[in-house]
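One letter stands for each residue in the lines below.
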Amino acid sequence: MLFLVHMIVNIPRDLPEEQANEIKLREKNYSQDLQRSGKWPHIWRVVGEYANYSIFDVESNDELHTLLSQLPLFPFMEIKVTPLAKHPSAI
Ligand SMILES: O=C(O)C[C@H]1C=CC(=O)O1
């Protein structure tokens, strides 16, 4: 099942920089592990924003929820999920 996921990151300004950097490093490693696994085949930066559009390829809504809720930046994210279906004109 394919999902379009929009993630907007809002790290509080008062979070110590060292702590923020540690979370971002864990996020990068977690994200890259999922990309290597094939479950997160696309991630694109939104120009000018601390946000991304991603494609996830997972077995179920529950699996996607588990993967997203384990993102180290999850507490600081606004996430919108759009389920994708095959377009009838797609070739
Ligand atoms: O930078 C982001 O868009 C947020 C998050 C998603 C993957 C990652 O490494 O960080």
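Definitions and limits used
- Residues numbered from 1 in each chain as written.
- Predicted model: local features only at pLDDT ≥ 70, side-chain atom pairs only at ≥ 80, totals over all residues.
- UniProt positions renumbered as here; feature names shortened; annotations may be inferred.
- Helix = DSSP H or I, 4+ residues; strand = E, 2+ residues; numbered from the N terminus.
- Near = placed C-beta within 6 Å.
- Pairing = 2+ DSSP bridges.
- Axes fitted to C-alpha atoms, helices over the stretch in contact; angles between N-to-C directions.

This part covers the UniProt feature "domain: Muconolactone isomerase" (unreviewed entry) in the protein. As recorded in UniProt, the sites labelled "domain: Muconolactone isomerase" (unreviewed entry) are residues 1-89. Between the C-alpha atoms that bound residues 1-89 the distance is 19 Å, and the span itself is 34% helix and 30% strand.

The environment of the ligand is made up of Met7, Val9, Glu27, Lys28, Ser31, Asn52 and Leu73. Where the shell around the ligand is concerned, the elements lending two or more residues are strand 1 (2-9) and helix 1 (17-37). Among the elements that make up the shell around the ligand, the one with the highest residue count is helix 1 (three residues).

We now examine the sheet that holds strand 2 (residues 42-45). Strands sit in the order 2-3-1-4 across an open sheet of four strands; the sheet is antiparallel. Both edges of this open sheet fall to strand 2 and strand 4 (77-84), since each of them pairs with a single strand only. Across the sheet, the axes of successive neighbouring strands diverge by a mean angle of 15°, strand direction being ignored. Where strand 1 and strand 3 (residues 51-57) come together, seven bridges link them in antiparallel fashion. Its bridge partner lying in strand 3, Leu4 is registered against Ile55.

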